[in-house]
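# Close look at the chain arrangement
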Amino acid sequence: MITKITKYQVVNACLTVVMMALVVAAIKYYNQYVSSFTDVTIDSKALNESRKVFIRLPTNYNKNIAYPLIIKTDGNFNLNEWDRILTARKEAGEGGGAILVSIPNLFFTDTRNRDLVPPYARQDVNTLARPEHETPIEPNGEADKFLAFIETELLPYLSTTYKLSNNRVLSGFSAGGSFVLYTLHTKPELFNGYFAFSPAAWYDDMTVVDNLEAFLTTQANKVKSPTYLYISVGGAEHPLMLKAFSNLESVLTANPNNNLVWQSTINKGADHSDNPPLSVAKALAGYSAFIER
């Protein structure tokens, strides 16, 4: 028996595939590039592109109150946990809330490593050793441009739109953690709180660690006001991540700074993706104790 497939059936099948692809793309777009809060688009000259930010205001937001500011990377990633913990802290009387701003990565373009990898490291990060015969790639991270966007465009926008206190936190995970450390040693005055969850400090033979160490040994006087740093890692993470974390602790211990208070946590049994949700409450508790001293 021969089954004939008509042109009509072929067209319908193609349309079905196209529609399914569009539905999948729409779901991915919504999950990555649309938040449950207020979404604002900023035309950035520093990045030469438009960038969206998600803005979460405290429960019972009052425009006449000056709120602490928290800026985090990676958009919707771990954003619900931040919302849950900030809400719980406010309800428990542990602070009056904070304005949380989360910056998503671009949807149609892979910008995460470009934006978050420091300019002294390569964007094509990999935990595997690079083959000796392979032509070296020059450092090409563009975290300096992303930081310029935050400093010269995002912060001024937020300062003119909302009433902010002097307490400001920058938080990031993995590549975002390396961006937090990069910001700390290049623009320490921008924030008085730095949270680096599972920071990818192992880039290019620990170059992030090396640059932080160089800063703490030769330019520590640039930390002119009390500043808090929280770093964490999961106990079950990649050995390179754990080694970099240990190196960070050693560097911070060996170079004490009167204006830099730091805390570290190893979340036992946690892997890379488990660590951020386990770290938010601990980081906020440590920061609150720091600013209340």
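Residues numbered from 1 in each chain as written. Predicted model: local features only at pLDDT ≥ 70, side-chain atom pairs only at ≥ 80, totals over all residues. Heavy atoms only, no water.

### As for the overall build of the protein chain
Secondary structure assignment for the protein chain yields eight helices and eight strands. Pairs at least 24 residues apart make up 75% of the contacts formed inside the protein chain by residues separated by at least 6 positions. If you sum the accessible surface of the protein chain, you get close to 14900 Å²; carbon and sulfur atoms cover 55% of it. (Helix = DSSP H or I, 4+ residues; strand = E, 2+ residues; numbered from the N terminus. Contact = heavy atoms within 4.5 Å. Areas by Shrake-Rupley, 256 points an atom, 1.4 Å probe, with all protein chains shown as cover.)

### What to know about the pattern of salt bridges
Per the counting criterion, the structure on display carries 12 salt bridges. Between Glu49 and Arg114 there is a salt bridge, and its shortest N-O distance comes to 2.7 Å. Linking Glu49 in strand β2 (residues 49-56) with Arg114 in helix α3 (residues 112-116), this pair joins segments that are 65 residues apart in sequence. The exposure class assigned to Arg114 is buried, which follows from its relative accessible area of 17%. Two residues, Arg84 and Glu81, come together in a salt bridge whose shortest N-O distance is 2.7 Å. Taken as a pair, Arg84 and Glu81 lie in helix α2 (residues 79-91) at a separation of three residues, close to a single helical turn. Several salt bridges converge on common partners, so that one network encompasses Glu49, Arg51, Arg114 and Asp115. (Salt bridge = Lys/Arg side-chain N within 4 Å of Asp/Glu carboxyl O. Buried < 20%, exposed > 50% of the residue type's maximum accessible area, 1.4 Å probe, protein only.)

### What about the sheet that holds strand β4 (residues 99-103)?
The strand order across the open sheet built from eight strands is β1-β2-β4-β3-β5-β6-β7-β8, with neighbouring strands paired in mixed fashion. Both edges of this open sheet fall to β1 (38-44) and β8 (260-267), since each of them pairs with a single strand only. Here the average twist between neighbouring strands, direction ignored, is 20°. In this structure, strand β6 (residues 193-197) lies alongside strand β7 (residues 227-234), joined through five bridges in parallel fashion. Across the sheet, Ala196 pairs through a bridge with Ile231, a residue of β7. Most of the contacts of helix α7 (residues 239-254) go to β7, to which it runs at about 150°, and overall it touches β7 and β8. Helix-sheet contacts for helix α8 (residues 275-291) involve β3 (67-73), β5 (164-173), β6, β7 and β8, and the interaxial angle to β7 is about 160°. (Pairing = 2+ DSSP bridges. Axes fitted to C-alpha atoms, helices over the stretch in contact; angles between N-to-C directions.)

### Examining the confidence of the model for the protein chain
If pLDDT is low for a region, its predicted coordinates should not be looked at in detail. In the predicted model, the protein chain carries a mean pLDDT of 89, and the fraction of residues at 70 or more is 85%. Between residues 21-26, whose pLDDT stays under 50, and residues either more than four places distant or in other chains, the model counts one contact. (pLDDT = per-residue confidence, 0-100.)

### Describing unusual backbone geometry
The backbone phi angle of Asn48 is positive, close to 60°, even though this residue is not glycine. Relative to the helices and strands, Asn48 resides in the loop between β1 and β2. In this structure Asn48 comes out as exposed when scored by relative accessible area, which is 71%. Phi is positive for Ser198, which is not a glycine, with a value near 45°. If you trace the backbone, Ser198 turns up in the loop between β6 and α6 (203-218).

### Regarding the packing of aromatic side chains
Evaluation of the coordinates by the stated rule reveals 17 aromatic pairs. What links up through ring pairs into an aromatic cluster is the set Trp82, Phe195, Phe197, Tyr228, Tyr230, Tyr287 and Phe290. (Phe/Tyr/Trp six-rings, centres within 6.5 Å; stacked < 30°, edge-to-face > 60°.)

### Focus on the nonpolar core
In terms of nonpolar packing, the biggest core is built from 57 residues, with Ile71, Val101, Ile150, Leu154, Leu158 and Phe179 touching the most fellow members. Ranked by residue count, the leading element in this core is helix α4 (residues 143-161), at eight residues. In this structure Leu158 touches Ile55, Leu69, Ile71, Val101 and Leu164, once residues within four positions along its chain are discounted. By size, the runner-up hydrophobic cluster in this structure holds 19 residues, among which are Trp82, Leu86, Ala98 and Phe290. (Core = buried A, V, L, I, M, F, W, Y, C linked by side-chain atoms within 4.5 Å.)

### Brief notes about helix α5 (residues 175-186)
With 12 residues, α5 extends 16 Å between its outermost C-alpha atoms, agreeing within 8% with the 16 Å of an ideal straight helix rising 1.5 Å per residue. With respect to burial, α5 is a largely interior element, 11 of its 12 residues being buried. Listed as buried for α5 are Ala175, Gly176, Gly177, Ser178, Phe179, Val180, Leu181, Tyr182, Thr183, Leu184 and His185. (Expected span 1.5 Å × (residues − 1).)

### Quick look at the side chain of Glu237
By secondary structure assignment, the location of Glu237 is in the loop between β7 and α7. Although Glu237 lies buried, it forms no salt bridge, and the closest oppositely charged side chain, Arg112, sits 11 Å away as judged by the N-O distance. A polar atom in the side chain of Glu237 sits 2.5 Å from the side chain of Ser198. Leave out the neighbours within four places in its chain, and Glu237 touches Ser198, Leu242, Ala270, Asp271, His272 and Asn275. (Lys, Arg positive; Asp, Glu negative; His and termini not counted. Polar contact = N/O pair within 3.5 Å; in protein donor to acceptor, adjacent residues only side chain to side chain.)

### Let's talk about the side chain of Thr183
With respect to the helices and strands, Thr183 occurs in helix α5. Those residues in contact with Thr183 that lie beyond four places of it in its chain are Leu147, Leu170, Pro188, Phe191 and Tyr194.

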